[in-house]
Structures are given as structure tokens and as C-alpha cells.
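Structural characterization, general
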Amino acid sequence: MKTAGPDHLPPTSGGGGIVTTCGRRIAVRRLRLASAERPIDRIALDVGPDRGGEPGTWAALTAGEARDLADLLLRHAGLAERGAGPVGPAREASSAS
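What you are looking at is a predicted structure, and each value in this text was computed from that prediction instead of being measured.

Summing up its helical and strand segments, the protein chain has 1 helix and 6 strands in all. Going residue by residue from the N terminus, the α and β elements of the protein chain occur as β-β-β-β-β-β-α. When contacts within the protein chain are restricted to residue pairs at least 6 apart in sequence, long-range pairs at least 24 apart make up 31% of them. Summing over all exposed atoms, the protein chain offers an accessible surface of approximately 7600 Å²; the carbon and sulfur share of this is 56%.

Below is the structure:
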């Protein structure tokens, strides 16, 4: 299996990614893996290194997993803006690739 190259999504926040206040760049791209039977599409979430050089990470999500993550992020952002909801670490969700 080889990578056919990521197709960049249309820019949603200044070029397909954001830079957090701690200096990490978070990029979102479409990733297509070419296989003999059929291509495999994933959404790649790439969290780059911080300002101090601490390594980042990445995840390859199915379309459904990406939608679930988007839903969780929006719900938690709303809770944070309202100062509502449970305090403490988030419950771990099912594993993402």
C-alpha cells in the first residue's frame, strides 16, 4: 500500500490549520491510501511540536470518527465557554488510529 498524497481541505482557518496558544500547529488533511482493491480515505489530524520542541502526534480517522471528534470538540467548547460541565480529565473515547 502506498500513499497517494494528502489532499488539502479547503482552508477553514487561515490555511487548513491553527496554531494554539502553546505554539502547536494543528493541521487537518484528507489522506488517501492507494490499495490494489480500493483506495482508503482517512482524515489526518496532525498535532505538531510545541515551541520547546516537544514532539507532536497524529491520528488517521475515518469520516465517522472525524465527525464524532468534531461533535465532542464542539460540545466541550460550549461547556468551556459557559463554565459548565464536569471538571477534570475527559473520559477516554474509543481508540482512534
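What follows covers the environment of A63. Within the secondary structure, A63 sits in helix α1 (residues 63-82). A relative accessible area of 38% places A63 in the partly exposed class. Counting along the chain gives 22 residues from A63 to D41, while the straight-line C-alpha distance between them is 8.1 Å.

Bringing the confidence of the model for the protein chain into the picture now. Put simply, the protein chain has an average pLDDT of 78, and 71% of its residues get 70 or more. Contacts from residues 1-15, a stretch scored under 50 in pLDDT, to residues over four places away or in other chains number 22 contacts.

This next bit is on the pattern of salt bridges. Taken as a whole and assessed by the stated rule, the structure comprises 4 salt bridges. For R32, the salt bridge identified is with D41, shortest N-O distance 2.9 Å. With relative accessibility at 29%, the residue R32 sits in the partly exposed group. The network of salt bridges with common partners includes R30, R32 and D41.

Before going further, it helps to spend a moment on the environment of P49. Of note, P49 is situated in the loop between β5 (40-47) and β6 (57-61). With 27 residues separating them along the chain, P49 and C22 place their C-alpha atoms 9.8 Å apart. Excluding residues that lie within four positions of it along the chain, P49 makes contacts with G23, R24, E54, P55 and G56.

Okay, the side chain of R24 next. Among the structural elements, R24 can be located in the loop between β3 (17-19) and β4 (25-34). Taking the relative accessible area as the measure of exposure, R24 reaches 18% and is therefore buried. A distance of 2.9 Å separates a polar side-chain atom of R24 from the backbone oxygen of G48. At 3.3 Å, the side chain of R24 forms a polar contact with the backbone oxygen of P55. Sequence-distant contacts of R24, defined by excluding residues within four places in its chain, comprise I18, V19, V47, G48, P49, D50, E54, P55 and G56.

The rules behind each value
Residues numbered from 1 in each chain as written. Predicted model: local features only at pLDDT ≥ 70, side-chain atom pairs only at ≥ 80, totals over all residues. Heavy atoms only, no water. Helix = DSSP H or I, 4+ residues; strand = E, 2+ residues; numbered from the N terminus. Contact = heavy atoms within 4.5 Å. Areas by Shrake-Rupley, 256 points an atom, 1.4 Å probe, with all protein chains shown as cover. Buried < 20%, exposed > 50% of the residue type's maximum accessible area, 1.4 Å probe, protein only. pLDDT = per-residue confidence, 0-100. Salt bridge = Lys/Arg side-chain N within 4 Å of Asp/Glu carboxyl O. Polar contact = N/O pair within 3.5 Å; in protein donor to acceptor, adjacent residues only side chain to side chain.

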